[in-house]
Amino acid sequence: MRRLDAAAVERELSRLGASLGTPLAVAAETASTNDDARSAAAAGAPHGAAFLADAQTQGRGRGGRSWHSPPGENLYLSVVLRPGLPASSVAPIALVMGLAVASVVERRLAPAARRGAPGDGSAAEVRLKWPNDVLVGGRKLAGILVEAQLRGDAVSSVIVGVGLNVHASSFPPELSARATSLAMLGIDDVPRELLAAELLQALGDAVARFEAGRLAPFAEDLARLDWLRGRRVDVAGVTGVAAGIDPEGHLLIHGADGVLRAVAAGEVSVIAG
């Protein structure tokens, strides 16, 4: 097992001109990189401070679910953001972070598809499952956990955690039918250090665009990558057919009664059949 090399990540960040990733902390093992970032933010860590780990003992995803975090295989990364946004405007940043991760994945999968690399995803398309899961071939490749700290009407900090499956060749039984990795998709030669730098660059660029124009600059990609559109879903008791994402980042659902409803948050269940 080769551990993450902090110096290599810093070199790649410098080469790419990334706006995030300074200061950088890389741990052999931690409970949760999101917890590390949140503690650092409370202690005054600046915008862009990033935390990586080779393994997490208490990694988690949305809804408090545990995140499979074995040592040396994947990327577990969290970053402190201090965006210039009112609290009322920050929620859709989760979608934007998902799009940023999806953009990195798309760039990495394109060469594999051209050379016909083996794997279940060489010809599969990258999609975003509202609000921020990155899927390839319908299987989860990456998850994003966004936790905002508010102070009155202002945003004190936003912690963005990214779990990206990189070298994993197998998953626990409860995940094996719905998870994938870059290696399983034919991408097995990209150093995690480079991927970490690419993610931080993409996240930084996306945050800057979101600050300037909210979701408007991302509308085309949101429509193109929307995995739920056309599927029958249930979210927070609202059942119907997913009909896209509105300018505020809400999931639109056409109910059987013909009413179009906008759902701001909730766990999505896809209804088979």
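Our structure's up above, just so we're on the same page.
Remember, predicted model here, so these are calculated numbers, not experimental data.

Q: What should I look at first to understand the sheet that holds strand β4 (residues 126-129) in this one?
A: By way of backbone hydrogen bonds, the strands of a sheet pair with one another, either parallel or antiparallel. The sheet built from seven strands is open, its strands ordered β1-β2-β3-β7-β6-β5-β4 with mixed pairing. Strands with a single pairing partner mark the edges of an open sheet, and in this sheet they are β1 (24-27) and β4. Taken pair by pair, the neighbouring strands of this sheet meet at an average axis angle of 15°, ignoring direction. Taken together, the four bridges between β1 and strand β2 (residues 50-53) define a ladder with parallel strand orientation. Looking across to β2, one finds that V26 is bridged to L52.

Q: What is the right way to look at the side chain of S78 in this model?
A: Structurally, the position occupied by S78 is in strand β3 (residues 75-81). Classification of S78 by relative accessible area gives buried; the value is 0%. A polar atom in the side chain of S78 sits 2.7 Å from the side chain of T33. Residues within four places of S78 in sequence aside, it is in contact with T33, N34, A37, A49, A50, F51, I159, V160 and G161.

Q: Would you explain the packing of aromatic side chains in this entry?
A: For any pair of aromatic rings, the description consists of the separation of the ring centres together with the inter-plane angle of the planes. Applying the stated criterion across every chain yields a total of zero aromatic pairs. Here R209 stacks its cationic end above the ring of F218, 4.4 Å away from the centre of that ring. Note that R231 overlies the ring of W227, its terminal NZ or CZ placed 3.9 Å from the centroid.

Q: It is not clear to me how the pattern of salt bridges should be interpreted in this structure. Could you clarify?
A: Charged atoms that come close allow side chains of opposite charge to pair. The full count for this structure, using the stated rule, is ten salt bridges. Residue E125 pairs with R127 through a salt bridge whose shortest N-O separation is 2.7 Å. Look at E125 and you get exposed, because its relative accessible area is 52%. A cluster of three or more residues bridged by salt bridges with shared partners is formed by D35, R38 and E147.

Procedures and definitions
Residues numbered from 1 in each chain as written. Predicted model: local features only at pLDDT ≥ 70, side-chain atom pairs only at ≥ 80, totals over all residues. Heavy atoms only, no water. Pairing = 2+ DSSP bridges. Helix = DSSP H or I, 4+ residues; strand = E, 2+ residues; numbered from the N terminus. Axes fitted to C-alpha atoms, helices over the stretch in contact; angles between N-to-C directions. Buried < 20%, exposed > 50% of the residue type's maximum accessible area, 1.4 Å probe, protein only. Polar contact = N/O pair within 3.5 Å; in protein donor to acceptor, adjacent residues only side chain to side chain. Contact = heavy atoms within 4.5 Å. Phe/Tyr/Trp six-rings, centres within 6.5 Å; stacked < 30°, edge-to-face > 60°. Lys NZ or Arg CZ within 6 Å of the ring centre and 35° of its normal. Salt bridge = Lys/Arg side-chain N within 4 Å of Asp/Glu carboxyl O.

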